[in-house]
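Structure at a glance
Listed here are the chains, written in short residue letters.
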Amino acid sequence: QVNFKGGVIGLIRKEIKGIPHYLVQSKFEPGNIGKNLISPTVQATFSNLHKKHKGKGNLFLKYFNKKNTLSKKWINEDGGRFMKKQNLHWIIKINSNFKISDDFKWITLWDILYLSKNTNFINSHLRSIISLLN
């Protein structure tokens, strides 16, 4: 990656019945052991976001702007295990409704924390971005 800037790890937050929920994705990636893992809303390299490889764009990136931002920080990937590689961790809050496909779901922080402590279903990027939540 140019300048060691890996990509965007984004999480959308929305209040449902007064309780904050986060939009997560069920995603299979190389290295997963036979199953999908629960991932952040957006998990993409800058090459993918700019469609350098002619892939499809990200449906949710349009919501990531200054007005909606709760937290936005550069974080070392995998705790610095990859020398100098960073990802932009960005959490936003929205109020609007939109359709989501079956591989996305709204869950609470409690759900994420429970699954992090008791299973191996939460991927490393989601584990990393929740560290920004107060």
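Going along each chain's sequence as written, the residues are numbered from 1 onward. Confidence filtering applies because this is a predicted model: local features only for residues at pLDDT of at least 70, side-chain atom pairs given and counted only at 80 or more, and all residues used for totals across whole chains, interfaces and linings. Side-chain numbers here rest on the full set of heavy atoms in the structure, without hydrogens or water.

1. Topic: the packing of aromatic side chains
As a reminder of what qualifies: The criterion for an aromatic pair is that two Phe, Tyr or Trp rings (for Trp, the six-membered ring) have centres within 6.5 Å, with stacked assigned to planes under 30 degrees apart, edge-to-face to planes over 60 apart and tilted to the rest. Each helix is a run of H or I in the DSSP string that is no shorter than four residues. Each strand is a run of E no shorter than two, and both are numbered from the N terminus. Under the scheme applied here, a residue whose accessible area is under 20% of the maximum for its type counts as buried, over 50% as exposed, and between as partly exposed, the area being computed with a 1.4 Å probe on protein chains only. By definition here, charges over rings are those cases where NZ of Lys or CZ of Arg is within 6 Å of the ring centre and within 35 degrees of the ring normal.
Tallying each qualifying case throughout the model produces 6 aromatic pairs. Aromatic pair Phe 60 and Phe 98: ring centres 5.5 Å apart, planes at 55°, arrangement tilted. Taken together, the residues span a long stretch of sequence, with Phe 60 in the loop between α1 (46-49) and β5 (69-76) and Phe 98 in the loop between β6 (86-93) and β7 (104-108) at a distance of 38 residues. On the basis of relative accessibility, which here comes to 21%, the residue Phe 98 falls in the partly exposed class. With centroids separated by 5.3 Å and ring planes inclined at 10°, the aromatic side chains of Trp 110 and Tyr 114 adopt a geometry described as stacked. In this pair, Trp 110 and Tyr 114 both sit in helix α2 (residues 109-118), 4 residues apart, roughly one turn of the helix. Judged by relative accessible area, which is 60%, Trp 110 ranks as exposed. One residue, Lys 72, lies across the ring of Trp 90, its end atom 4.0 Å from the ring centre.

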